[in-house]
Amino acid sequence: DPLIYNRAREKVGLPADKCVVIEDSLVGLRAANGAEMPCIITPCPSSDVPDFLAEGARAVMDDRKSLGEEGDDVVVTLEKLFPANAQEPSFEF
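These notes cover the structure that comes with them. What you are looking at is a predicted structure, and each value in this text was computed from that prediction instead of being measured. (Residues numbered from 1 in each chain as written. Predicted model: local features only at pLDDT ≥ 70, side-chain atom pairs only at ≥ 80, totals over all residues. Heavy atoms only, no water.)

**Considerations on the nonpolar core**
Judged by nonpolar contacts, the single largest core of 14 residues is most densely connected at Tyr5, Val21, Leu29, Met37, Cys39, Ile41 and Phe52. With four residues, the top contributor of residues to this core is helix H2 (residues 26-34). Apart from residues no more than four positions distant in its own chain, valine 21 is found in contact with Tyr5, Ala32, Met37, Pro38, Cys39 and Ile40. In this structure, Ile40, Ala59, Met61 and Val76 belong to the second largest nonpolar core, which totals six residues. (Core = buried A, V, L, I, M, F, W, Y, C linked by side-chain atoms within 4.5 Å. Buried < 20%, exposed > 50% of the residue type's maximum accessible area, 1.4 Å probe, protein only. Helix = DSSP H or I, 4+ residues; strand = E, 2+ residues; numbered from the N terminus. Contact = heavy atoms within 4.5 Å.)

In structure tokens form, the structure reads like this:
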């Protein structure tokens with residue numbers, strides 16, 4: 001159900017294409033897709049969908065990619081997702 005994502009988007013006053021959802025499940029990915037928001041998947045050991053990209057994820061993180069503060073092992077940061085003066089999120093990481 002995309003309700004929670006739509007409510008959050010309305011609360012901050014942003015269009016869906018300016019938002020990014022970070023999820024760990026197929027249910028969450030489907031909710032993000034229902035809200036028409038791009039989704040990054042951070043799969044957990046119990047994730048049972050081998051191909052989140054085929055289900056519509058914009059990116060799937062793994063042991064070689066992580067989210068967080070800038071560092072040697074971090075590939076995705078807020079600055080990379082939302083570059084200065086960008087009109088939409090970037091998934092070039």
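**Quick notes on unusual backbone geometry**
In the Ramachandran plot, glutamate 36 falls in the positive-phi region, its phi being about 60° despite a non-glycine side chain. Considering the arrangement of structural elements, one finds glutamate 36 in the loop between H2 and strand S2 (39-41). With a relative accessible area of 65%, glutamate 36 lands in the exposed category. Residues other than glycine seldom take positive phi values, yet asparagine 85 does so here, at roughly 65°. With respect to the helices and strands, the residue asparagine 85 is situated in the segment after helix H3 (78-81). On the basis of relative accessibility, which here comes to 76%, the residue asparagine 85 falls in the exposed class.

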